[in-house]
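# Understanding the architecture of this molecule
Chain residues, written in single-letter form:
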Amino acid sequence: MANERTYDLVLFGATGFTGGLTAEYLAEHAPAGLRWALVGRNAAKLAAVRERLTAIRPELADLPLLEADAGDPASLAAVAAQTKVVATTVGPYLQFGEPLVRACAEAGTDYVDLTGEPEFVDTMYVAHHATAAASGARIVHACGFDSIPHDLGVYFAMRELAPTGPAQVRGVVRSNATFSGGTFHSAMGAFSRAKQMSAAFKQRLAVEPRPEGRSSRAVQGKPGRDKVLRYWLLPLPTIDPQVVARSGAALELYGPRFRYAHFAGTKTLRYAAGGVAGVSALAVAAQIKPLRSALLGRVKQGEGPSAGRREKSWFTVDVVAEADGRTVHARVSGGDPGYTETAKMLAESALCLAFDDNPPTSGSVTTAQAMGAHLLDRLIAAGIRFELV
C-alpha cells in the first residue's frame with residue numbers, strides 16, 4: 001500500500017524554527033526524485049517557506065503544499081493516507097500531537113517526531129501501539145537530540161561490546177548550546193505534570209510485553225566523579241534513559257541484563273552544583289502557575305539562535321559500557337544539538353524509513369529498534385561522528 005502513496009514523506013511544522021531548518025536540510029540533501037510536501041494550516045506561511053527553499057533548489061518552486069490542522073482529525077487522516085512517512089516538529093506534543101499519531105497508526109503510515117515528553121510517548125503507546133502494529137506503521141518518537149545520540153550511541157557501543165553477561169552502561173552528555181523554546185516549554189510541562197507522567201508510565205508498564213529471559217532497565221545514577229571520563233556527573237531527568245532501555249529490551253544485542261544510567265557531565269564540581277540548583281529551581285517554579293507562566297512567557301516557541309551562534313555550538317555524548325570484564329568507551333559528537341543537528345537527525349530518520357531496508361518492525365519502536373545500522377550509517381555520512389575512544 002505504501003508504494004502506491006503520492007509522497008515519500010511530508011513535513012509538518014515547516015513554518016516554525018526547527019521545522020524550517022528541517023525543510024532546508026531536505027532541500028539541500030534529499031535524493032533526486034524525492035516526492036515530498038510541506039503541511040500546515042496557513043497556506044501563505046507555507047508558500048513563504050517554499051520560496052525560501054527555491055533559493056536552495058530552484059525546482060522546489062513546485063513543491064506541493066498541503067493544508068491540515070493539528071486539531072482537525074479529518075485533514076490529518078487525508079494527509080496520512082497520501083504518504084509513506086510523516087515527520088512533525090509541531091509541539092508541545094502532549095498538547096498537539098495525538099491526532100496525528102492516531103491518523104498515521106490507522107493509515108499504516110510511518111511517523112517521526114522530536115518529542116522529549118515521556119508522558120506523551122507513554123500515552124501514545126497505550127492508545128495507538130496495537131493499531132500501528134496491525135497496520136504496519138512504525139511510530140518512532142524522539143528523533144532529534146532527544147534521543148538519537150544516546151539511543152544510537154549506546155547501540156554503537158553495544159555492537160562493539162557484544163555482552164554475554166550483565167551490562168552496565170552510562171551515557172554522559174555535554175554541550176555549550178542554547179536549547180530551543182519548544183524544548184524549554186516541553187520540559188516545564190513535564191516538570192508540572194509529574195503525577196500524570198508517573199501514571200502514564202505505569203499504564204504503559206501494565207500493557208507492554210517484557211522480553212523473555214532478558215531484562216533491560218533505566219536506573220538512577222549517583223552524582224560523583226567518573227573514573228573513566230574524569231567529569232563530574234549530574235543525573236539528568238530526560239526521556240533518553242527510557243528510550244535506551246526500550247531499545248535494550250527489544251534487541252538481544254544488548255545482552256541478558258542491561259542497565260543504563262544517564263548524566264550531564266561537567267569539568268568542575270562548581271558547575272555540577274550549579275546544574276543541580278538550576279534544575280531544582282525550574283522544577284519548583286513549574287509547580288507554581290504564576291511563576292511557570294512568567295517563565296514560559298519569556299521563552300517563546302518557534303524562535304532560535306542566529307546561524308552564527310549555532311555554528312559555534314557543539315555536543316558530545318560519551319557512552320561507557322562495561323560487561324564480561326571489558327569496557328567500551330564510545331563517543332557521539334556534532335554541532336549545534338538543539339537545532340542544526342536535530343533537523344538533520346529528523347530528516348535522515350524520515351528518509352531512512354522511506355527508503356532503507358530496515359528490520360521488520362511496526363508499532364511504537366525506538367530509533368535503534370526501527371532503523372539501527374541504517375540510520376547510524378546515514379548520520380555518519382551526514383557528519384555526526386560516532387567513534388571508539
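Whatever comes next refers back to the structure up there.
Quick look at the structure, then. (Residues numbered from 1 in each chain as written. Predicted model: local features only at pLDDT ≥ 70, side-chain atom pairs only at ≥ 80, totals over all residues. Heavy atoms only, no water.)

### Quick notes on the overall build of the chain
A tally of helices and strands in the chain yields 16 helices and 15 strands. For the chain, the proportion of contacts with a sequence separation of at least 24, taken over those separated by at least 6, is 79%. Carbon together with sulfur atoms contributes 54% to the accessible area of the chain, which is approximately 17,000 Å² in total. (Helix = DSSP H or I, 4+ residues; strand = E, 2+ residues; numbered from the N terminus. Contact = heavy atoms within 4.5 Å. Areas by Shrake-Rupley, 256 points an atom, 1.4 Å probe, with all protein chains shown as cover.)

### With respect to the environment of Leu9
Here Leu9 lies in strand β1 (residues 7-12). Taking the C-alpha atoms as reference, Leu9 lies 6.8 Å from Arg35; in sequence the two are 26 residues apart. Once residues lying within four places of it in the same chain are set aside, the contact partners of Leu9 are Leu26, Leu34, Arg35, Trp36, Ala37, Thr83, Val85, Ala350 and Leu351.

### Describing the pattern of salt bridges
This structure, assessed with the given rule, holds 16 salt bridges. A salt bridge links Glu98 to Arg102; its shortest N-O distance comes to 3.0 Å. In this pair, Glu98 and Arg102 both sit in helix α5 (residues 98-107), four residues apart, roughly one turn of the helix. (Salt bridge = Lys/Arg side-chain N within 4 Å of Asp/Glu carboxyl O.)

### Observations regarding helix α16 (residues 372-381)
Helical geometry: 3.6 residues make up each α-helical turn, so side chains three or four residues apart lie on a common side. Gly372, Leu375, Leu376 and Leu379 are the residues of α16 that are buried. For α16, the angular spread of the buried residues around the axis is 105°, confining them to a single face. Immediately beyond the C-terminal end of α16, within one or two residues, lies Gly383, with a positive phi of roughly 110°. (Buried < 20%, exposed > 50% of the residue type's maximum accessible area, 1.4 Å probe, protein only. Arc of directions from axis to C-beta.)

By themselves, these are just geometric observations and shouldn't be taken as functional.
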